[in-house]
Amino acid sequence: MSFDKIVTAYETGVGGTLGHLIGIIALGTILGKMLAESGAGLRIANFFIKVFGEKRLPWAMFLSGFIIGIPVFFEVGILILLPLIISIAKASKKNLLLIGLPAIAGLSIVHGLVPPHPGAVAAIGIYGADMGKVLLYSLIIAIPAGILGGPLFAKFISKRVKPEGEPKTIIIEDKDDSQMPSTGMSFFIILLPVILMVFGTMAGYLTKLIGAGKGTEHVFAFIGSPLIALLISVFAAYYFLGHRLGITKKQMKEFTEDCIMPVGSIALIIGAGGGFKQILIDSGVGATIGNLAQNFDLSPLVLAFVIAGLIRIATGSATVALTTAAGIVAPIIEHMTGVNKELLVIVTGAGSLMFSHVNDAGFWMVKEYLGLTIKETFKTWTALETILSFSAFILALIVNAFI
């Protein structure tokens, strides 16, 4: 690449990554701060500890991550769950990884395999697969794969890795019940962005259900976009977790400023990862790997998994890996018979999750927000993603043998 194209690619990568993420990160951080400062995070933590018991907390967090992850992007899910993860770890006095990794596994496996996430939807269109069948198969495969990479792996690794740093979200001291919001209000605020994003995802269906016109559909789509959903949720938190509990405007302003300052370093790291990724894409690394892989004498399911995995390692983006691999494999299977296109979507998604490392924005988000070193992030996040990838692939091959 010429020097001017390197600069252009880097700027495009930084802008493309931060353009999508910076508002979400900032608003999600503010929401997390209000949940923490008001005591809502601790209220929810105590509820989970009481209902599930300390021994089953990792399973509760996996289910929370899996359910919340269906309508939201991975990055949004992390920001919604982070204060809850840290509050529960603090209240239960358990290793943060034992609580955090199952929730992250639930978010990640859904992001990689389950529609309506953009990569899966794009692959469905490219392969010409049936979305209903993909949704059914992906849920059958994602749950056991997520359990392996989530609660079971977290139990194993939490005995071997103790995070050296401190998580980014500040957790305040315990408060009296009278000073905290109710359990119902705490859950409402943390689930509000999820509810709004479900409205956005189901805008067309909801409009038909109530017999409204296109204007109503556009309103649902607007309030359900991640940025607007989080913006509405932040204002709701300011009122219900701030004003109604006697927190002054000055205090809320200070909370906001305190939590926004650390976002700067995170934004620069994630932006740099986006610039690196774009240079790898524009230089043709992904296309070169795809062209080489076309010569492999492999089953279409294995071929799609391998190509997606190689592109994921090279570019750092699960969505890019999924869509690029689908574009490469689709012409190869065009004249083949007996290929299950729905499982092809799932194995391509599985390949797009493996070996997350330093060119992946998710790697840095997990590292920075959980207070891990790079070495600890490789041992936990990278290993978790790879377990999810290969277990989903193997499960898809087993399902393929029976249908």
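Remember, predicted model here, so these are calculated numbers, not experimental data. (Residues numbered from 1 in each chain as written. Predicted model: local features only at pLDDT ≥ 70, side-chain atom pairs only at ≥ 80, totals over all residues. Heavy atoms only, no water.)

Q: Go over a nonpolar patch on the surface, please, and point to the residues and values.
A: Taken together, L310, I313, F355, F390, I394, I398, F402 and I403 make up a surface patch of nonpolar side chains, about 740 Å² in accessible area. The element contributing the most residues to the nonpolar patch is helix α19 (residues 374-402), with 4 residues. Of note, L310 is situated in helix α15 (residues 300-315). According to the relative accessible area criterion, L310 is partly exposed, its value standing at 34%. (Patch = residues over 30% accessible without salt bridge, like charges linked within 9 Å, V, L, I, M, F, W, Y side chains within 5 Å. Areas by Shrake-Rupley, 256 points an atom, 1.4 Å probe, with all protein chains shown as cover. Salt bridge = Lys/Arg side-chain N within 4 Å of Asp/Glu carboxyl O. Helix = DSSP H or I, 4+ residues; strand = E, 2+ residues; numbered from the N terminus. Buried < 20%, exposed > 50% of the residue type's maximum accessible area, 1.4 Å probe, protein only.)

Q: Help me get a handle on the side chain of S391, residues and values and all.
A: With respect to the helices and strands, S391 occurs in helix α19. For S391, a relative accessible area of 9% translates into the label buried. Of the polar contacts made by the side chain of S391, one reaches the backbone oxygen of I387; its length is 2.5 Å. S391 has contacts with A145 and L148, leaving out every residue within four places of it along the chain. (Polar contact = N/O pair within 3.5 Å; in protein donor to acceptor, adjacent residues only side chain to side chain. Contact = heavy atoms within 4.5 Å.)

Q: Report on the packing of helix α8 (residues 183-201) against helix α11 (residues 226-242), specifying residues and quantitative values.
A: Closest axis-to-axis distance for the α8/α11 pair is 8 Å, and the angle between their directions is 160 degrees. In terms of axis orientation, α8 runs roughly antiparallel to α11. Of the two elements, α8 crosses α11, and the hand of that crossing is right-handed. In this structure, α8 uses M185, I189, L192, P193, L196 and M197 to contact α11, whose residues at the interface are P226, A229, L230, I232, S233, A236, A237, F240 and L241. Residue composition of the contact of α8 with α11, grouped by class: 14 nonpolar, 1 polar and no charged. (Axes fitted to C-alpha atoms, helices over the stretch in contact; angles between N-to-C directions. Parallel < 35°, antiparallel > 145°, perpendicular 65-115°, else oblique. Left-handed = near helix turned anticlockwise from the far one by under 90°. Nonpolar A, V, L, I, M, F, W, Y, C, P; charged D, E, K, R; others polar.)

Q: How would you explain the packing of aromatic side chains if you had to name every residue and give the values?
A: Going through the model one piece at a time under the given rule, you end up with 12 aromatic pairs. For the ring pair F47 and F187, a centre distance of 5.1 Å and an interplane angle of 80 degrees mean the geometry is edge-to-face. Note that F47 is positioned in helix α2 (residues 40-52) and F187 in helix α8, a separation of 140 residues in sequence. Judged by its relative accessible area of 21%, F187 is partly exposed. For the pair F235 and Y238, a centre-to-centre distance of 6.1 Å together with 75 degrees between the ring planes defines the contact as edge-to-face. (Phe/Tyr/Trp six-rings, centres within 6.5 Å; stacked < 30°, edge-to-face > 60°.)

Q: An account of the pattern of salt bridges is requested, with residue identities and associated values reported.
A: Applying the stated criterion across every chain, the model contains 6 salt bridges. For the salt bridge of K33 with E37, the shortest nitrogen-to-oxygen distance reads 2.9 Å. With K33 and E37 both in helix α1 (residues 3-38), this residue pair falls 4 residues apart, about one helical turn. Note that E257 and K253 form a salt bridge whose closest N and O atoms lie 2.7 Å from each other. Taken together, the positions of E257 and K253, both in helix α12 (residues 249-260) and 4 residues apart, correspond to about one turn of that helix. Take E257: its relative accessible area is 42%, and that puts it in the partly exposed class.

Read these as layout, nothing more, since geometry by itself doesn't imply function.
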